[in-house]
Each structure stands twice: as C-alpha cells, then as structure tokens.
Amino acid sequence: MAGSDSASRRKRSARSKAAPVAAAPPGRLQVPEGCVRVVGIGASAGGLEALEQFFGAMPADSGMAFVVVQHLDPTQKALLPQLLQRATAMPVQQATQGVHLAPDGVYVIPPGCELSLVGDALRLEQPVEPRGLRLPVNVLFSSLASERGEQAIAVVLSGMGADGSLGMQAIKAAGGLTAAQDPVSAQFDAMPRNAIATGCVDIVEAADDLPGRILDVATRSQVAHVTASDAAAVAGDHPPFERIIDLLRRRTRHDFSLYKASTLERRVERRMAIHDIESVDGYADFIEHNTQETDLLFKELLIGVTGFFRDAPVWDYLAETALPELLARTGDAQPLRVWSIGCSTGEEAYSLAMLFCEAFERLPKPQAMSLQIFATDISPDAIALARRGRYPLTIADSVSPQRLATFFDAHQTYYEVRKCIRDLVLFAQHDVVLDPPFTRIDLLVCRNLLIYFVPELQRRLLPLFHYSLRRGGMLLLGSSETIGRFAHLFSPVQSRLRLYARQDDVAVHGPDLLLNSFPPLISAAKDLPMPSTDARNPSADGLQKAADAVLLGGFAPAAVVINGDGDIVYISGRTGKYLEPAAGKANWSIHAMARDGLREALSEALRLLPQQREPLQ
C-alpha cells in the first residue's frame, strides 16, 4: 500500500516535516460514548528513542488512549513510564489488571506480562512461551482488532524480529488504521520492515511524523464517514459507490455489487482519508484517473484474516473424526479431492494437507490413495505468496513443534513448507462468484467468506457448493456462517463447528433454483443464454443432469466457426442476439449476417486476428 512506495513516502515525509503537529485538525476525535479510540504501539530494540519522538509530537488532547508494549527484560526495574513521562504532558502509568482506559492517557506494559484489551479494560496475563519466543505486540494488536475493529490503530516502531506483523494484519482486516516507523529512521529496522512487508501498512513515516499523519487520517475518516452516510440517505441507491464498483469491475473483472455495502464503504472511507479526499464522488473521480489507486482499493477489499489451524476445535474434530471417516468411506478407488475457497495466503490449505498426511499415516493398512487440494482466491498477490509457502517464524504460535519439524524447513527468518506438502496443493486465482466451480469434491472448505456477501449471494452459492460435492461429501463453513434455509441440501455433522454433510438424492425446489445458483452470478459478467427446457425442468432427469445443463449454458456460450473468407461453417448455441439472415439470396458470410452495431467492430477484429496470439475482445 502507501508504505510500499518509497517515493511517496519521501513526499509525505517532507510534507509532514514542513507542517508542525499543531497543524493537525483541531479538536478531539469524536467516538461513541464509553468507547475510547485506542492506539496500540509496539516496539523493541531502539524503541525508547522512537517512543519519545512519537509522544513528543502527539498532542496531549487527542482524545485517544495509548497502550505501549515494548519488549522488556523481566529482571530489570520498570523505568519506561517515568522515561516516557518526560516526553508528554499526558499521564503515563504502568498498566494494572482491569484498569479502564481513559482518553489522553498512556498505559505501559509491565515486564514479564502479556497485555490485551477486553471491553474498555486492560488484562494482564503471564505468557506461556519461554522468553525469546514471546510476541506480546501481536497479543495486544489482535485484542484491539477484536474489541475495537475499525476504531483500532496499530503502530510499529523500532525493534528486532517480526512481532506485531500478524496482529497488524488482524487490525487491517477489521478495518482499523495501521502505521509503521520508516525503517530508514529506525535504530533497528526489522520490526517495521516486517510489518511493511505484510502489505497492510497504511502510513509509513519517521516516529515524530507519525502522530500528525495518524490524527489527520483518523479525523478525516470521521468526516468521510459522515459525508458517505449523508450521501446514502439522500440517494438510496448509492450512486457514488455504484460508480466505484463499476470502475473496480472494469479494472479487475471482479464485481463487488453483491458484497456487503458496509465493507465497501469502510474501505473507501479509509482510502479517502489517506488521500485527503472529502467526498465519495471526489474519490470516484480520483480512481477513474489513477489505476494504481484502483488496484490498492481492490487489494484492501480482499484482505482477510487467516492462519494455520485457526479455530483449534474445528481442526481437532477434522483430525480425530471427520477425515478418518472420509478416508474410510472413499477408499483407494479414486483421488480424494478437497477445495479450499478464499484460501488467502495458503495457511488453511496447507493445514488441510498436513492433517490428511497425518490421517494417512494412522490408517491400519497402507493404501495407495492420492490427494488433490484445490486452493483458490480472488487475489493474485495472495496466491503468489501461498505458492511460495514461506511464513514468518511467528507461526510457531499456532503450529506444534512436531508439525514444524515434520512439514517445514526452518530458515533464519522464516519457515518454508516442505515440497512434499506444497505438491499436494494446487493454488489458482478464482472468483467463486464468476468462475466455473470445481466438481467431484469430497471436502469443501469455505470459512469466513460468505459473511462478506449479501444474503442474496449467499443463497446462490450454497446450491453451487452442493453441486460441487460428491455423494457423501462434507462442507465446512466459518464460525459465523450457516446453511440457512438449505437444510434440504445439507445435514449437520457438527453444527457448533459448522460442519455439514451433503444430502444426496434431493429434489430441486423450484424451477429456477439452479438457474439462479450457478455462475455467472453477476449479470454484468456474462450474457447467459436462454436455458433449454430440460434445465428449466430438472426434476425429470435429476439434479445432476440439470446442473450440468445450466453450467454448459453459462460457460459454453453461443459460438460461430468461420473459415478464412469469413463464411460460417458451424454454429453452436443461440446466436440470434448477434446474427440474422441477410435479406435476399442466402448468404452465410459473417459480415452479411452480423447485426447492426457489430459489423464494424467485428471486421476490425477479424483483420487483426491473424497477428494475435491472445483472444480479442
């Protein structure tokens, strides 16, 4: 994002240095009563100087509360509160159990503790990990993401290692604001550099320039939110956002019109604030002439939270019960096929591969079984990272030492998934809303993706999942997702864990169920031809045949084969929208039969075609 562009960083840094902190928007940030906006700050080696610079530049009446986590030697007396008090007029205190955060206050972690936010109060806990493996900044940031969401702010300053990077991703996914010290200005650049490498950092500045930028963006986010809300109240159809959706569609092919409006609005408001744009119309004008910003908005809309073996009870049940039963039922007659939808950077897909390998090992008799895991995501950047299979050392928090030793190669600054596991997973860029589904799947995993879609799209996707699964296949959803009204398609295996079994031999409910369920789900994506009578009446030949007919109709569109002279030699599907017989003597030339409005463009395309290796549109 903004932090990855060194030229823009230098420009912003120069702007910040030219304008003192006093030039930040006056007045306290307005937050709901009883909900103080919290800034979490993480630092380690070289952090004292950076913290003094930060608080020396932060106004004492910002209205925010500040929680500082620095790696401290538990055997040394805690002097950090006294040292920071010299840099700020805000009261600085060592955090105590259950203390409630007050605006314009600074709270510092005690030595040998982990600090998190629960409601408006701080909670202290003794770390389980030995010293050297503790990641207290991640602990704080993750709690801020859960408790404050888009009101959370994360700041990473000077330090060694990568503590804070995972927690910063959680805050970014929750819609919060993220900032890091410019590594060039840090005594030790590893922590801010690793944070920036996640691609989740909104602001990169020197420590004393960060306060002005944070206050500017936070204040303008409020103004943008009010402006966007007023616009929505006046124009119920959100025309500025529709324009942004259209620009995203043109640039990326992907259609966000059936994503929840709140998600789009929050991310747009953040980008407006970062660029100091006050109206949604103004931001639409900006991205229309700035493809780089369109790409950045697209990436921001796709950010999600993932991790190895996330939600441990789910993985425990899969390992101990569900996967062994699936293996026993499948046998070695056919490859076992798994589809991980919205796989992000690959942790979930690799977790599945590890579990299956462990389950194979526990089989009473060795079997010549093969496994295929299809892992798909809309983001090309996430897929590229997933294919590399390299993850920070902090995954030791969620991956057991035995699995780390078995399935990973340890390097100085990262773990790498071993090739034997990487070879089990096929990563592909794929939009479940637009692209054809994978089929004959034994286990379909789609966790925490449906929550971003409006109910209409959720209701279309679940029959698609049913079609994708084999007889007896299983569907795993996220903790906040259910099958809704599709109990006739899926039966619960473990409702609490959101694990369901495919209902086989079910009747189709309503003649349009399949037609409304299969991609293309967005009308602007493709022109869906009129279905055949059998597809409209699937009960005659069964659900599977009807589904196949609909898929063929949607993904094998009308086509015409011509020879070098432009004469039509073969027609597939209904071409009436594009071709019509020419008046007079029968003429099968494509130029004569093309409807008005198509002839000129078609002639130009045919002229260019011999020199082209790619499809012409």
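Please refer to the structure placed before this passage.
Residues numbered from 1 in each chain as written. Predicted model: local features only at pLDDT ≥ 70, side-chain atom pairs only at ≥ 80, totals over all residues. Heavy atoms only, no water.

Caption draft 1: Focus on the packing of aromatic side chains. Counted under the stated rule, the structure contains 13 aromatic pairs. Ring plane angle 75° and centroid distance 6.4 Å describe the contact between phenylalanine 54 and phenylalanine 66, whose orientation is recorded as edge-to-face. Here phenylalanine 54 is found in helix H2 (residues 47-57), whereas its partner phenylalanine 66 is found in strand E2 (residues 65-70), with twelve residues between them in sequence. For phenylalanine 66, a relative accessible area of 0% corresponds to the buried category. Consider the rings of phenylalanine 55 and phenylalanine 66, whose centres lie 5.6 Å apart with planes at 75°: the pair is edge-to-face. Within this pair, whereas phenylalanine 55 is found in helix H2, its partner phenylalanine 66 is found in strand E2, the two being separated by eleven residues in sequence. Against the face of phenylalanine 309 rests arginine 403, its NZ or CZ located 4.2 Å from the ring centre. (Phe/Tyr/Trp six-rings, centres within 6.5 Å; stacked < 30°, edge-to-face > 60°. Helix = DSSP H or I, 4+ residues; strand = E, 2+ residues; numbered from the N terminus. Buried < 20%, exposed > 50% of the residue type's maximum accessible area, 1.4 Å probe, protein only. Lys NZ or Arg CZ within 6 Å of the ring centre and 35° of its normal.)

Caption draft 2: Fine view of the sheet that holds E2. The sheet built from seven strands is open, its strands ordered E3-E4-E2-E1-E7-E8-E9 with parallel pairing. Every other strand in the sheet has two partners, leaving strand E3 (92-94) and strand E9 (203-205) as the edge strands with one partner each. Adjacent strand axes in the sheet meet at a mean angle of 20° when their direction is disregarded. As paired strands, strand E1 (residues 38-43) and strand E7 (residues 153-156) are joined by four bridges and run parallel to one another. When the sheet's bridge partners are listed, valine 39 is paired in E7 with isoleucine 153. (Pairing = 2+ DSSP bridges. Axes fitted to C-alpha atoms, helices over the stretch in contact; angles between N-to-C directions.)

Caption draft 3: Representation of the packing of helix H8 (residues 239-252) against helix H11 (residues 291-302). Where H8 contacts H11, the two axes come as close as 10 Å, and the packing angle between them is 100°. One way to sum up the angle between H8 and H11 is to call them roughly perpendicular. Every residue of H11 that contacts H8 at Ile244, Leu247, Leu248, Arg251 and Thr252 is listed here: Thr291, Thr294, Asp295, Leu297, Phe298 and Leu301. A breakdown of the residues in the contact of H8 with H11 according to their chemical character gives six nonpolar, three polar and two charged. (Parallel < 35°, antiparallel > 145°, perpendicular 65-115°, else oblique. Contact = heavy atoms within 4.5 Å. Nonpolar A, V, L, I, M, F, W, Y, C, P; charged D, E, K, R; others polar.)

Caption draft 4: Local environment of the pairing of strand E8 (residues 177-181). With five of five residues buried, E8 is to be regarded as a mostly interior element. Across the two faces of E8 the burial is the same, with Leu177, Ala179 and Gln181 and Thr178 and Ala180 all buried. Pairing of E7 with E8 involves four bridges; the strand directions are parallel. Bridging from a neighbouring strand, valine 155 pairs with alanine 179 of E8. The β-α-β motif built from E7, the intervening helix H5 (residues 165-173) and the parallel element E8 has right-handed crossover chirality. In this structure, E8 lies alongside E9, joined through three bridges in parallel fashion. Bridging from a neighbouring strand, alanine 179 pairs with isoleucine 203 of E9. In the classification by handedness, the crossover that spans E8, the intervening helix H6 (residues 190-197) and the parallel E9 is right-handed. (Right-handed = clockwise from strand over helix to strand, strands pointing away.)

Caption draft 5: Broad picture of the environment of glycine 159. Relative to the helices and strands, glycine 159 resides in the loop between E7 and H5. For glycine 159, a relative accessible area of 0% gives the class buried. Glycine 159 sits 33 residues away from proline 192 along the chain, and the two C-alpha atoms are 7.4 Å apart. Residues within four places of glycine 159 in sequence aside, it is in contact with Ser44, Ala45, Phe188, Asp189, Ala190, Met191 and Pro192.

Caption draft 6: Spotlight on the nonpolar core. The biggest cluster of nonpolar side chains holds 47 residues, and the ones touching the most others in it are Ile244, Val432, Leu444, Phe465 and Leu475. Elements that contribute at least two residues to this core include exactly H8, helix H9 (261-274), helix H10 (280-288), H11, strand E10 (336-341), strand E16 (441-446), helix H17 (455-468) and strand E17 (469-477). When near neighbours in sequence (up to four residues on either side) are disregarded, leucine 444 contacts Trp339, Ile341, Phe465, Ser468, Leu469, Met474, Leu475 and Leu476. In this structure, Trp315, Leu355, Phe356 and Leu404 belong to the second largest nonpolar core, which totals 45 residues. (Core = buried A, V, L, I, M, F, W, Y, C linked by side-chain atoms within 4.5 Å.)

Caption draft 7: Seen up close, the packing of H9 against H11. For the pair H9 and H11, interaxial distance at closest approach is 10 Å and the crossing angle is 135°. When the axes of H9 and H11 are compared, the pair comes out oblique. For the element pair H9 and H11, the recorded crossing hand is right-handed. Every residue of H11 that contacts H9 at Thr263, Leu264, Arg267, Val268, Arg270 and Arg271 is listed here: Glu293, Leu296, Leu297, Glu300 and Leu301. Each residue belonging to the contact of H9 with H11 can be placed in one class, and the counts come to five nonpolar, one polar and five charged. (Left-handed = near helix turned anticlockwise from the far one by under 90°.)

Caption draft 8: Here's a closer look at the pairing of strand E11 (residues 371-377). The buried fraction of E11 amounts to six of the seven residues, a majority that puts the element mostly inside the structure. The pairing of E10 with E11 spans six bridges and is parallel. Residue pairing across strands places tryptophan 339 opposite phenylalanine 374, the latter belonging to E11. Pairing of E11 with strand E15 (residues 425-429) involves five bridges; the strand directions are parallel. Bridge assignment links threonine 376 to a residue of E15, and that residue is alanine 428.

Caption draft 9: Focus on the pattern of salt bridges. Taken as a whole and assessed by the stated rule, the structure comprises 21 salt bridges. With a shortest N-O distance of 3.3 Å, arginine 86 and glutamate 52 are connected by a salt bridge. One end of the pair, arginine 86, is in the loop between helix H3 (80-85) and E3; the other, glutamate 52, is in helix H2, with 34 residues separating them in the sequence. Given a relative accessible area of 63%, arginine 86 falls into the exposed group. Residue glutamate 52 is classed as partly exposed on the basis of its relative accessible area of 26%. Residue aspartate 409 pairs with arginine 418 through a salt bridge whose shortest N-O separation is 2.9 Å. The partly exposed category is assigned to arginine 418, whose relative accessible area is 28%. Salt bridges here are not isolated pairs; linked through shared partners, they connect Arg243, Asp285 and Glu288. (Salt bridge = Lys/Arg side-chain N within 4 Å of Asp/Glu carboxyl O.)

Caption draft 10: Just the sheet that holds strand E14 (residues 414-417), in detail. The sheet built from three strands is open, its strands ordered E12-E14-E13 with antiparallel pairing. Each edge of the open sheet is held by one strand with a lone partner, namely strand E12 (390-392) and strand E13 (408-410). Between one strand axis and the next, the sheet turns by 30° as a mean value, whatever way the strands run. The sheet contact formed by E13 and E14 spans three bridges and is antiparallel. Residue aspartate 409 lies in a different strand from E14, and its bridge partner there is glutamate 416.

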